[in-house]
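Below are the chains, spelled out letter by letter.
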Amino acid sequence: MRIAIHDYFMGITKQVAKRSTCLRRQVGAIIVNENNVILSTGYNGAPCKIEHCEVKGCIRDKKDIKSGTRQEICMAVHAEQNAIIHAAKHGTSINGSTMYVSTFPCIICSKMIINAGIKTIFYDHDYSETAGYRLLVDAGIIVKKYSLTRTMNCSTKIIKEY
């Protein structure tokens, strides 16, 4: 049986997240156009040519910084940011696209998503910082919490819609 398109993309997002070098959370993001073609992917981790946290340790853990706060301390680039940057670096327009992300975007990523012209977001897990929710909704972004069901037929379930 062929899996549903959202299951397919969310499954890919979860695979992309496995490339993350963050010690706290593995996040993956993919950007898809209106024809269901993947335009870009990203996962969270240190910038190119910078030693990864899995090698040098997590500064946020060392300083006991709570999740969702003091993001400027973290060396990692978020998955959503990396997906947007990757598209820009290669000259790929993401205007009008859909983003699938394993964890809901923070406020910084939400601002980037709005300005990049992404129109819809599907996400699986909530994030401790919630300021991005209101911002995205106010900007007219369609936001849907989406989970893969654990059934044999791979049917999907939209849990929350904003």
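Analysis parameters
- Residues numbered from 1 in each chain as written.
- Predicted model: local features only at pLDDT ≥ 70, side-chain atom pairs only at ≥ 80, totals over all residues.
- Heavy atoms only, no water.
- Pairing = 2+ DSSP bridges.
- Helix = DSSP H or I, 4+ residues; strand = E, 2+ residues; numbered from the N terminus.
- Core = buried A, V, L, I, M, F, W, Y, C linked by side-chain atoms within 4.5 Å.
- Buried < 20%, exposed > 50% of the residue type's maximum accessible area, 1.4 Å probe, protein only.
- Contact = heavy atoms within 4.5 Å.
- Salt bridge = Lys/Arg side-chain N within 4 Å of Asp/Glu carboxyl O.

> Residue-level account of the pairing of strand β2 (residues 38-43), with values.
One ladder, built from 5 bridges, connects strand β1 (residues 28-32) with β2; its direction is antiparallel. Across the sheet, residue Ala 29 finds its bridge partner in β2, namely Gly 42. What sits between β1 and β2 in their antiparallel hairpin is a turn of 5 residues, with Asn 36 showing a positive phi close to 60°.

> Can you break down the nonpolar core residue by residue, with the values?
Within the largest apolar cluster, 23 residues are counted, with the highest numbers of intra-cluster contacts made by Ile 84 and Ile 118. Where this core is concerned, the elements lending two or more residues are β1, α4 (79-89), β3 (98-103), α5 (107-116), β4 (120-125) and α6 (131-138). Per-element tally for this core: the top contributor is α4, with 4 residues. Excluding anything up to four places from it in sequence, Ile 84 contacts Ile 31, Ile 94, Met 99, Met 112, Ile 113, Ala 116 and Ile 118. Counting 8 residues, the second-largest nonpolar core is a separate cluster that includes Phe 9, Met 10, Val 32 and Tyr 100.

> Give a detailed account of the pattern of salt bridges, specifying residues and quantitative values.
This structure, assessed with the given rule, holds 3 salt bridges. A salt bridge links Lys 14 to Asp 124; its shortest N-O distance comes to 2.2 Å. With Lys 14 in helix α1 (residues 5-17) and Asp 124 in strand β4, this pair connects stretches of sequence that are 110 residues apart. Using a relative accessible area of 24% as the deciding quantity, one classes Lys 14 as partly exposed. With relative accessibility at 5%, the residue Asp 124 sits in the buried group.

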